[in-house]
Amino acid sequence: MAENLLTLSGVHTHIGPYHILQGVELAVPEGGVTVLLGRNGAGKTTTLRTIMGLWTASQGDIRFGDHVITRLSTPEISRRGIAFVPEDMGIFTDLTVAENMLLAAANGPMDQKRLAWIKELFPPIGSFWNSSAGTLSGGQKQMLSVARAIIEPRRLILIDEPTKGLAPAIIKAMIDALKELKETDTTILLVEQNFAMASSIGDTVAVMDDGHIIHSGRMDELVADVALQEKLMGLSLEAHQ
Amino acid sequence: MSETAIKPRIEEIPLKEQLAQKLPVLLVPVLAAVGLIAIGNPASWLTLTVAGLAMGMMIFIMASGLTVVFGLMDVINFGHGAFVAVGAFVGFTVLAWLAGWTASPSVFMNLSAVLIAILAAMLVTGLLGLAFERVIVMPVYGEHLKQILVTMGGLIVAQQMIYVVWGPDELHMSRPEALQGSLVIGEAAIEKYRLVAVGIGLALFIGMRHILKNTKIGLLVRAGVENGEMVEALGYRIRRLFLIVFMTGSALAGLGGVMWGLYQETITAHMGSEIMVLVFIVVIIGGLGSVEGCFIGAMLVGLLANYTAFLAPKVALISTIALMVVVLMWRPQGLYPVVKAK
């Protein structure tokens, strides 16, 4: 297995009076797709936001490459090569598609070759280049959100439920795009509830429940082990019935 | 990804919604037309309209910084009036130093003196804004009640500092020679200074719109107003942006202070807190955080205040509050509500 690009060791996160992450242990190998599975409220989004510095870990360490990034600010974490695609997509609806992309290229002018590749990957980005992002459909906004994350080369992309609420055709298109992105050796940490999608692109998997990682391993092993799937899903369901 | 997999589609904005977006812009000419009918005399109407627009422009200058600060930083700054007053006093001092220039018959010397006074006021209030943001505002980001209390405290401290430096009395701030008197157009007399105020206000509005629409820092401000968290996730230090915007807003209040002082020709330590009532009304009418809304709101307030002062002086006392009530009943989020993701 490849070396770990991101490692969370005993990470706890409190939001107000709530203790959301309760000692998360997670390793994301370099160059593949790691899928974070779990029921609603398990702590998946909080894990991504904690990695990104949007919520601060109250205990534990987050290591990215050779550096501990636990106490860094969000812009510093971003500038170290981590991009974030939030669950709500985080599109600036008052800005055009072009302006959204321009802001995403934080380190200078957009690389035109890379932009052409993105437009090929997500055709609506080119079609609606000068349109207000607020007028895009949900799927197009999701594509813009991912496009923004990859306009500059990144070492790690955190993507939170990119298929949520999308039509099947758009989900398929999104899977194709993520597969192509995977070919560029970009490491992806993907939060996903759609197991079919997760299993089609994931290399490794971690399952969360109640603020803990309750399983981690290879995705193909989980796909092949129906009993384990039922055990993990059953645990989630039983715990909240 | 194939082109056929996802057909490009854009959600069309219904015509009714498009018209609704344009409607606030029409309010200013509609109010002016209603004013003409009510006043009857075109000469009086022209005088009052220019006076209203000039007053509106000066309020816009003071309010524009406040609305952007609120929109971007989610900070309710009750201390904004302090920058208006300090700006006016600094402008007064500079104009007093340049008394020879202001008394000169040369228009160039007169305008140069005003320009230097404005630049000095903006520099001082901009730096004051830097200190205000770092010392008073930064510790209370995200806590509205504390913001109200500490910024009110900051306002009181600033007013007392004005007493210490310039004394407790009100001061007469006379306009330079070239800006005194009126131009007579037909039967209408229009004060020269009001035309200058309209010109400066318009230039500021066009400049602000240009910066917000066409520069990267403007894009960052607009993006930050909508979703500051995402701006940070893209790698931008939003706290630095906050500081730049706060200092700019404070400097604009200083500019407004000089303009307002020259308009009223009297300045006091409390002038900022007094004008803040109108400034807050304009910011609320416009839609908290919206520069365009703030501009239209300021024009409406300026025109209505002048028309009602002429037609029914007693009504003038409540006209701007009544305008705010009517606008909020029509659009509870203001004329141009700002979309916020947070």
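Residues numbered from 1 in each chain as written. Chains lettered and ligands numbered in written order. Predicted model: local features only at pLDDT ≥ 70, side-chain atom pairs only at ≥ 80, totals over all residues.

If you check an unreviewed UniProt entry, chain B appears there as Branched-chain amino acid ABC transporter, permease protein from Roseibium aggregatum. Check the Sequence similarities (unreviewed entry) section of the UniProt entry for chain B; it says "Belongs to the binding-protein-dependent transport system permease family. LivHM subfamily." Within the UniProt record for chain B, the comment given under Subcellular location (unreviewed entry) is "Cell membrane". (UniProt positions renumbered as here; feature names shortened; annotations may be inferred.)

Under the annotation held in an unreviewed UniProt entry, chain A carries the name ABC transporter related protein and is attributed to Roseibium aggregatum. Under the Sequence similarities (unreviewed entry) heading, UniProt states for chain A: "Belongs to the ABC transporter superfamily."

Caption draft 1: Seen up close, the overall build of chain A. Looking only at helices and strands, one finds 10 helices and 10 strands in chain A. Whereas a compact globule of 241 residues would reach a radius of gyration of roughly 18 Å, chain A reaches 18 Å, a difference of no more than 12%. Its C-alpha atoms put chain A at 50 × 40 × 35 Å along the principal axes. Among the 241 residues that make up chain A, the fraction classed as buried is 47%. Contacts in chain A between residues far apart in sequence, at least 24 positions, make up 69% of those at least 6 positions apart. (Helix = DSSP H or I, 4+ residues; strand = E, 2+ residues; numbered from the N terminus. Rg over C-alpha atoms; globule rule 2.2 N^0.38 Å. Buried ≥ 20, exposed ≤ 12 C-beta atoms within 10 Å, placed from the backbone. Contact = placed C-beta atoms within 7 Å.)

Caption draft 2: Structural detail: the overall build of chain B. Check the secondary structure of chain B and you find 12 helices and four strands. The C-alpha atoms of chain B give a radius of gyration of 21 Å, which matches the 20 Å a tight globule of 342 residues would have. Its C-alpha atoms put chain B at 75 × 50 × 40 Å along the principal axes. Put simply, chain B has 342 residues, and 50% of those count as buried. Taking the intrachain contacts of chain B between residues at least 6 apart in sequence as the baseline, contacts between residues at least 24 apart amount to 78%.

Caption draft 3: A look at the nonpolar core. Grouped together as the largest cluster of nonpolar side chains are 184 residues, with contacts concentrated most on Leu158 of chain A together with Met58, Ile59 and Val282 of chain B. If you tally residues by element for this core, the top one is helix H2 (residues 42–73) of chain B, at 20 residues. Of the residues that make up this core, three or more belong to each of domain 1 (4–81 + 154–239) and domain 2 (89–153) of chain A. If we ignore the near neighbours within four places in the chain, the residues touching Leu158 of chain A are Leu48, Ile51, Met52, Ile82, Phe84, Val85 and Leu189 of chain A. (Core = buried A, V, L, I, M, F, W, Y, C linked by C-beta atoms within 7 Å. Domains from an automatic or database assignment.)

Caption draft 4: Spatial organisation of helix H3 (residues 80–97) of chain B. For H3 of chain B, which comprises 18 residues, the first-to-last C-alpha distance of 26 Å matches the rise-based estimate of 26 Å (1.5 Å per residue) to within 8%. Summarising burial for H3 of chain B: 15 of the 18 residues are buried, a large majority. (Expected span 1.5 Å × (residues − 1).)

Caption draft 5: Examining the pairing of strand S4 (residues 57–64) of chain A more closely. All names here are of chain A. The pairing of strand S1 (residues 4–15) with S4 spans six bridges and is antiparallel. By the bridge assignment, Thr13 is partnered in S4 with Ala57. As judged from the two bridges shared by S4 and strand S5 (residues 67–68), these two strands associate in the antiparallel manner. Counted as the bridge partner of Arg63 is Val68 from S5. (Pairing = 2+ DSSP bridges.)

Caption draft 6: Quick peek at unusual backbone geometry. Despite not being glycine, Met89 of chain A shows a phi value in the positive range, around 75°. Checked against the element boundaries, Met89 of chain A lands in the loop between strand S6 (82–85) and helix H3 (97–104). At Glu265 of chain B, a position not held by glycine, the phi torsion is positive, near 65°. The residue Glu265 of chain B is located in the loop between helix H9 (238–264) and strand S4 (266–267) in this model. Judged by the 13 C-beta atoms lying within 10 Å of it, Glu265 of chain B falls in the partly exposed class.

Caption draft 7: Quick peek at the interface of chain B and chain A. Facing 25 residues of chain B, the contacting portion of chain A comprises 35 residues. Tallied by class, the residues present in the side of chain B that touches chain A amount to 15 nonpolar, two polar and eight charged. (Nonpolar A, V, L, I, M, F, W, Y, C, P; charged D, E, K, R; others polar.)

Caption draft 8: Structural context of the sheet that holds strand S10 (residues 212–218) of chain A. All names here are of chain A. With respect to topology, six strands assemble into an open sheet ordered S6-S7-S8-S3-S9-S10, the strand pairing being mixed. Either end of the sheet is taken by a strand with one partner, and the two such strands are S6 and S10. For this sheet, the mean inter-axis angle between neighbouring strands, taken without regard to orientation, is 15°. (Axes fitted to C-alpha atoms, helices over the stretch in contact; angles between N-to-C directions.)

Caption draft 9: Broad picture of the environment of Ala269 of chain B. Residues and elements named next belong to chain B. Tracing the sequence through the fold places Ala269 in the loop between S4 and helix H10 (271–286). The class of Ala269 is buried, set by 25 C-beta atoms lying within 10 Å. For the pair Ala269 and Ala298, spaced 29 residues apart in sequence, the C-alpha to C-alpha distance is 23 Å. Ignoring sequence-local partners within four residues, the contact set of Ala269 consists of Ala85, Gln159, Ile162 and Tyr163.

Caption draft 10: Expanded view of the domain arrangement of chain A. Residues and elements named next belong to chain A. What the domain assignment reports for chain A is domain 1 (4–81 + 154–239) and domain 2 (89–153). Computed over C-alpha atoms only, the centres of domain 1 and domain 2 are separated by 24 Å. Per-element accounting of the side of domain 1 that touches domain 2 gives the leading share, five residues, to helix H7 (residues 168–183). Of the residues in the side of domain 1 that touches domain 2, the class split is nine nonpolar, one polar and two charged.

Caption draft 11: The arrangement of the sheet that holds S5 of chain A in detail. Residues and elements named next belong to chain A. An order of S2-S1-S4-S5 is seen for the four strands of this open sheet, with the pairing classed as antiparallel. Sheet topology places strand S2 (18–29) and S5 at the edges, where each strand pairs with a single neighbour. Across the sheet, helix H1 (residues 44–51) is in contact with S1, S2 and S4; its angle to S2 comes to roughly 70°.

Caption draft 12: Geometry of the confidence of the model for chain B. Residue and element names in this part refer to chain B. Looking at chain B, pLDDT values average 90 and 95% of them are 70 or higher. No element of chain B has a lower mean pLDDT than helix H1 (residues 15–39), which averages 87, and none a higher one than H3, which averages 96. Long-range and interchain partners of residues 1–6, a stretch whose pLDDT sits below 50, account for 16 contacts in this model, where long-range means more than four residues apart. For this predicted complex, the interface confidence score (ipTM) comes to 0.90, while the overall pTM stands at 0.84. (pLDDT = per-residue confidence, 0-100.)

Caption draft 13: Up close: the packing of helix H7 (residues 192–214) of chain B against helix H8 (residues 216–233) of chain B. Residue and element names in this part refer to chain B. Where H7 meets H8, the axes come as close as 5 Å, and the angle between the chain directions of the two elements is 85°. When the interaxial angle is binned, H7 and H8 end up roughly perpendicular. Here Ile211, Leu212, Lys213 and Asn214 of H7 come into contact with H8, specifically with Ile217, Gly218, Val221 and Arg222. Residue composition of the contact of H7 with H8, grouped by class: four nonpolar, two polar and two charged. (Parallel < 35°, antiparallel > 145°, perpendicular 65-115°, else oblique.)

Caption draft 14: Spatial organisation of the pairing of strand S2 (residues 182–185) of chain B. Residue and element names in this part refer to chain B. Where S2 lies against strand S3 (residues 188–191), four bridges are found, and the strand directions are antiparallel. The partner of Ile185 across the bridge, within S3, is Ala188. Where S2 hands over to S3, the hairpin turn is made up of two residues, of which Gly186 adopts a positive phi near 60°.

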